[in-house]
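# Understanding the architecture of this molecule
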Amino acid sequence: MRDFVTINEVGPRDGLQSQGKTLDVNQRLQLIQALLDCGIRSIEAGSFVSPRAVPQMAGTGELFGQLPQRGEIAYSALVPNLRGYELAREAGVRSVAVVLSATETMNQRNVNMSLERTTEVCAELMQRARADGLEGRAYVAVAFECPFEGATPPAVVESLSRRLFEAGARKVIVADTIGAANPASVRRVLERLSDLDAVQLSCHFHDTRGMALANVLASLEHGVREFDSSIGGLGGCPFSPGATGNLATEDLALMLGAMGLDTGLDVFALCDAVQVAQVLTGTPLGGHSHRWLQRESAKRREVQHA
Ligand code: COA
Ligand code: ZN
């Protein structure tokens, strides 16, 4: 059997939260349907955050009420505090993700709390999730570099990750929020977490400096088997100056497939989903492989119609 790598699509959350154009719930559902059509089975569908802080995510409760439900599809939602957690539970969310940034300033900017307070809140939410039978996921954000404080010490990422596991997190997502990691810095962080099982870790890279795939390779070599990405590289972070989009899902799926790893995704269908995301957001999208995928898709269509 081929080694399976889970691709967790974060376009509907990380991607849409930084778009100038706010999509309504129906448009967000259309994007999610296009992603499901590519074989994606793990999706961060939205966040329960203050609509004043992130208006693009207003209506996430309504969205969850309308998501196509099939046993094999895992949806998660980001929650920054207890209020978000409660709203998520009311909406029937089964998997919640908290965000703990590794620096003081980033927590202040993102959630208006100190590093210490955010750590307590995230730990409490992970405890509750475990007690309530939900999957608890925890981002350690700005794990390599913070736009305000510079390089993040790997020891800090390690200690925050261990704190979150102790509290009950099932998975820690090591997040390069501003796309500043490189394969050497990825190794330095993952080496510190090498005693963990592969299922306990995921990596989240932005492609700001074009190194996201190289960082994926370094993570794979450390046994990581889950990655976040967003369709067409949609995204950024409204609270991190300079952050551009996530690693594009089609680039990730193409590389993993070419390496003989199984993702369950159809890269040519992903090319169509990029188009859907582009029309919905009004933003030109597409990863490094986009032109090649478009050409190959067109050739395949010609063969099918011949
Ligand atoms: N969902 C919806 N509304 C929320 C909320 C949540 N999770 N948490 C707080 N609110 C509301 C409060 O009810 C209050 O509303 P009111 O002014 O109408 O009374 C308002 O937001 C302010 O609440 P307060 O507790 O004072 O929060 P704050 O202003 O200090 O903001 C956060 C803190 C965490 C709510 C806000 O910074 C936030 O939503 N951040 C999310 C950032 C994000 O999504 N970043 C990207 C992902 S990494
Ligand atoms: Zn991100």
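Here is a short report on the structure shown in this document. (Residues numbered from 1 in each chain as written. Chains lettered and ligands numbered in written order. Predicted model: local features only at pLDDT ≥ 70, side-chain atom pairs only at ≥ 80, totals over all residues. Heavy atoms only, no water.)

## Quick notes on the pairing of strand β2 (residues 42-47)
Counting buried residues along β2, 6 of its 6 residues qualify, which places the element largely inside the surrounding structure. In terms of strand pairing, β2 meets strand β3 (residues 74-78) through 5 bridges, oriented parallel. Residue pairing across strands places Glu-44 opposite Ser-76, the latter belonging to β3. Taken together, β2, helix α3 (residues 60-66) and β3 form a β-α-β motif whose crossover is right-handed. (Buried < 20%, exposed > 50% of the residue type's maximum accessible area, 1.4 Å probe, protein only. Helix = DSSP H or I, 4+ residues; strand = E, 2+ residues; numbered from the N terminus. Pairing = 2+ DSSP bridges. Right-handed = clockwise from strand over helix to strand, strands pointing away.)

## Some details on the coordination of the zinc ion (ligand 2)
Taken together, the protein donors to the zinc ion (ligand 2) comprise Asp-14 (OD), His-204 (NE2) and His-206 (NE2), at separations of 2.0 to 2.1 Å. Taken in sequence order, the residues that donate to the zinc ion (ligand 2) follow the motif D-x189-H-x1-H. One end of the pair, Asp-14, is in helix α1 (residues 11-15); the other, His-206, is in the loop between β9 (201-205) and α9 (212-221), and 192 residues separate them in sequence. The buried category is assigned to Asp-14, whose relative accessible area is 3%. (Donors = N, O, S within 2.8 Å, 3.2 Å for Na, K, Ca; no water.)

## A short note on helix α11 (residues 267-281)
Helix length check: α11 (15 residues) gives 21 Å between terminal C-alpha atoms against 21 Å at 1.5 Å per residue, within 8%. What α11 keeps buried is the set Val-267, Phe-268, Ala-269, Leu-270, Cys-271, Ala-273, Val-274, Ala-277, Leu-280 and Thr-281. Two to three positions downstream of the cap, the backbone nitrogen of Phe-268 sits 2.8 Å from a side-chain oxygen, assigning the N-cap of α11 to Asp-266. (Expected span 1.5 Å × (residues − 1). Polar contact = N/O pair within 3.5 Å; in protein donor to acceptor, adjacent residues only side chain to side chain.)

## Some details on the site of ligand 1
Not every one of the 20 residues close to ligand 1 is listed here, only the nearest: Ser-50, Arg-52, Asn-81, Asn-110 and Asn-112. Residue Asn-110 places a side-chain N or O atom 2.7 Å away from a nitrogen atom belonging to ligand 1. One of the side-chain N or O atoms of Asn-112 is found 2.7 Å from an oxygen atom in ligand 1. Taken by itself ligand 1 offers 930 Å² of open surface, and the protein chains cover 64% of this. Looking at the shell around ligand 1, the elements with two or more residues in it are α4 (82-90) and α5 (104-111). At 3 residues, the largest contribution of residues to the shell around ligand 1 is made by α4. Looking at the shell around ligand 1 residue by residue, the classes come out as 11 nonpolar, 6 polar and 3 charged. (Near = heavy atom within 4 Å. Areas by Shrake-Rupley, 256 points an atom, 1.4 Å probe, with all protein chains shown as cover. Nonpolar A, V, L, I, M, F, W, Y, C, P; charged D, E, K, R; others polar.)

## Focus: the packing of α11 against helix α12 (residues 290-305)
Packing of α11 against α12 brings their axes to within 9 Å, and their N-to-C directions diverge by 110 degrees. One finds that α11 runs roughly perpendicular with respect to α12. Crossing angle aside, the handedness with which α11 passes α12 is left-handed. Listed contacts from α12 to Val-267, Phe-268, Cys-271, Asp-272 and Val-274 of α11 are His-290, Leu-293, Gln-294, Glu-296, Ser-297, Arg-300 and Arg-301. For the contact of α11 with α12, the class distribution of residues is 5 nonpolar, 3 polar and 4 charged. (Axes fitted to C-alpha atoms, helices over the stretch in contact; angles between N-to-C directions. Parallel < 35°, antiparallel > 145°, perpendicular 65-115°, else oblique. Left-handed = near helix turned anticlockwise from the far one by under 90°. Contact = heavy atoms within 4.5 Å.)

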